[in-house]
Amino acid sequence: MSQTKNLKKSEIVAEIAEMWAPLSDKQISDLSKNLTIKQYKKGELIYSDHGTPTTMMYIISGKAKIYKDGVTAGSRRQILRIVKPKEFFAFRAFFANEHYKTNSIAFEPTVIAQIPLPFVETLASENTSVAMFILRHLAKILGGSDERIVNLTQKHIRGRLAETLLMLKDEYGTESTKGAVCLSMSREDLACFSNMTTSNAIRTLSAFASEKLVDIDRRKITILNETELANISKMG
């Protein structure tokens, strides 16, 4: 069992080192010494709003949901993004010298590699390739956030839901050749991701099904007419 764990860790270290390349042998060795692996159950808290960031996280398997609670008691939470395997997260606040401004929970059983942020900061100061990787990653997240803000505030309900379904398919792949969106999302999560009430999400999704744009089997959603969904999303 111990050999299997060590092999798994060495594979993850090699994976991250390749993304951050070039790293010296010492830097790779230091990365291995600092990296730990933790498993989370579905729905388990990964970090919470106002908490202090301590580790840079890298998803090995599973997915993490990043969300913000509503500003008033009982108000709807907003899902900001879902982090998938081979993606880093939970480090922005550290480099901004802030506490977390969001929450994160495991969307499904999830395994995460964690690297102490002070070590990452030191490594980035020594190695420009690591610093540039972090900069590009933050820039990509910022660009995606800007686009989502515009879409969620300016599009109508049908346009927002169509965009969400297409984004989930493009970002997270499909479960089968039929085109089922790989995320098995509750209607509440789908609504939170699309900035609408759960009842509106249910009605709009049912309308899409009646128009033969999607097929619904409990939580599984199969996209039947991607072109028309794209048109609905584009028209807003």
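This report concerns the structure included in the present document. (Residues numbered from 1 in each chain as written. Predicted model: local features only at pLDDT ≥ 70, side-chain atom pairs only at ≥ 80, totals over all residues. Heavy atoms only, no water.)

Further remarks concern helix 7 (residues 187-194). Judged by how many residues are buried, helix 7 sits mostly within the fold: seven of eight residues are covered. Listed as buried for helix 7 are R187, D189, L190, A191, C192, F193 and S194. Count one or two residues on from helix 7 and you reach N195, which has phi positive near 60 degrees. (Buried < 20%, exposed > 50% of the residue type's maximum accessible area, 1.4 Å probe, protein only. Helix = DSSP H or I, 4+ residues; strand = E, 2+ residues; numbered from the N terminus.)

This part is about the nonpolar core. Residues L165, L190, F208, V214 and L229 are the most contacted members of the largest nonpolar core, which totals 26 residues. Listing elements by their share of this core, those giving two or more residues are strand 5 (78-83), helix 6 (157-172), helix 7, helix 8 (198-210), strand 10 (220-223) and helix 9 (226-235). Considering each element in turn, this core owes the most residues, six residues, to helix 6. Every residue in contact with L190, bar those within four places of it in the chain, is listed here: L161, T164, L165, L168, M185, L205 and I221. Grouped together as the second largest cluster of nonpolar side chains are 24 residues, L35, I60, A113 and V130 included. (Core = buried A, V, L, I, M, F, W, Y, C linked by side-chain atoms within 4.5 Å. Contact = heavy atoms within 4.5 Å.)

Residue position: K212 is located in the loop between helix 8 and strand 9 (214-217). Considered as a pair, K212 and N225 are 13 residues apart in the sequence and their alpha carbons are 7.3 Å apart. Beyond its immediate sequence surroundings of up to four residues, K212 is in contact with L224 and N225.

Here we come to the sheet that holds strand 6 (residues 88-89). Sheet strands pair via backbone hydrogen bonds, and the direction of the pair is either parallel or antiparallel. Spatially, four strands are ordered 1-8-3-6 in an open sheet, and the strand pairing comes out antiparallel. Edge positions in the open sheet fall to strand 1 (36-40) and strand 6, since each of these has one partner strand only. Strands strand 3 (55-61) and strand 8 (110-116) of the sheet are contacted by helix 4 (residues 117-126), whose axis makes an angle of about 60 degrees with strand 8. (Pairing = 2+ DSSP bridges. Axes fitted to C-alpha atoms, helices over the stretch in contact; angles between N-to-C directions.)

Turning our attention to the pattern of salt bridges. Per the counting criterion, the structure on display carries eleven salt bridges. For the salt bridge of D30 with K26, the shortest nitrogen-to-oxygen distance reads 2.8 Å. Residue D30 and its partner K26 are both found in helix 2 (residues 25-34); the two are separated by four residues, about one turn of the helix. Residue class for K26 comes out exposed when judged on its relative accessible area of 58%. (Salt bridge = Lys/Arg side-chain N within 4 Å of Asp/Glu carboxyl O.)

Take helix 6 next. With 16 residues, helix 6 extends 22 Å between its outermost C-alpha atoms, agreeing within 8% with the 22 Å of an ideal straight helix rising 1.5 Å per residue. For helix 6, every residue scored as buried is listed here: G159, R160, L161, A162, E163, T164, L165, L166, L168, K169 and Y172. (Expected span 1.5 Å × (residues − 1).)

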